[in-house]
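Architecture at a glance
Single-letter residue listing:
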Amino acid sequence: MKKIAVLVENLFNEKELIYPYYRLLEDYDVDLVGSEKETAYKSENGVSIESDLAASDINPDDYDGVFIPGGYSPDYMRRNKATVDFVRALFEKGKPVGAICHAGWMLAEACDIRGKKLTSVASIRTDMENAGANWVDEEVVVDGNIITGRGPKDLPAVIKAFVAELEKN
């Protein structure tokens, strides 16, 4: 069974974490990965969810893909070297990296997105372009092994595209 990491940090968007997490659990082994293991993280609205593992305790070779939820949690994710290194390793190995909303911040930190066609929430468009991305306003964008979406309304299309990429590998 393929193994997927869903990243978690404080101020995550509930829809962008919970929907992908449970959808992916239908077919895959899924770990919630934060800066710390077995730690409660709170959403933008105060909903709590506990991580399974810490990014510093896992090996990227054990995972087939990573999904990065939005909200403001990617701002915290990109401050953790182990989390950045984990995402970078999966990206460089050509494994699927899914990102929605503000998760573009994490892509800019961990991946070489120069020349990549990507989308995100419109408010970080400039950040994405400054990192070299070709930003577009589309429901879902797949460029190589990066799958991006703008926000919660795009989740069904983004998760379908992410699963399709997982099945190619």
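Preceding block: the structure.
If you're wondering where the values come from, they're calculated on a predicted model, not measured in any experiment.

1. Focus on a nonpolar patch on the surface
Taken together, the side chains of Ile18, Tyr22, Leu25 and Val47 present a nonpolar region at the surface, about 330 Å² in accessible area. Tracing the backbone shows tyrosine 22 in helix α1 (residues 14–25). Of the residues examined, tyrosine 22 reaches a relative accessible area of 51% and is grouped as exposed.

2. Description of the state of the cysteines
For the structure on display, the rule yields 0 disulfides. Between cysteine 101, a free cysteine, and cysteine 111, which holds the nearest cysteine sulfur, the sulfur-to-sulfur gap is 17 Å. The exposure class of cysteine 101 is buried, given its relative accessible area of 10%.

3. Things to note about the nonpolar core
Ranked by internal contacts, the top residues of the largest apolar core, which has 53 residues, are Leu24, Phe67, Ile68, Val87 and Leu107. The biggest single contributor to this core is helix α6 (residues 155–168), with 7 residues. Discounting residues that sit within four places of it in the chain, leucine 24 has contacts with Ile4, Val6, Val30, Phe67, Phe162, Val163 and Leu166.

Criteria and thresholds
Numbers given for residues are sequential positions, taken from 1 along each chain in its written order. In keeping with the predicted nature of the model, local features appear solely for residues at pLDDT of at least 70, side-chain atom pairs appear and are counted solely at 80 or more, and the whole-chain, interface and lining totals rest on all residues. Just so you know, side-chain values use all the structure's heavy atoms and leave hydrogens and water out. Distance thresholds for patches are 9 Å for like charges and 5 Å for nonpolar side chains (Val, Leu, Ile, Met, Phe, Trp, Tyr), applied to residues having over 30% relative accessible area and no salt bridge. Surface accessibility follows the Shrake-Rupley procedure with a 1.4 Å probe radius. Residue values consider only the protein chains on display as shielding. Throughout this description, the term salt bridge denotes a Lys or Arg side-chain nitrogen within 4 Å of a carboxyl oxygen of Asp or Glu. The helix and strand labels rest on DSSP assignments: H or I over at least four residues marks a helix, E over at least two residues marks a strand, and numbering proceeds from the N terminus. Think of it in three bands: with a 1.4 Å probe and only protein chains considered, a residue is buried below 20% of the maximum accessible area for its type, exposed above 50%, and partly exposed in between. Count a disulfide wherever a pair of cysteine sulfur atoms falls within 2.5 Å. Nonpolar cores were defined as sets of buried Ala, Val, Leu, Ile, Met, Phe, Trp, Tyr and Cys residues, with membership established by side-chain atoms within 4.5 Å. By definition, residues are in contact when any of their heavy atoms lie within 4.5 Å.

Interpretation in functional terms is not warranted from these geometric data alone.
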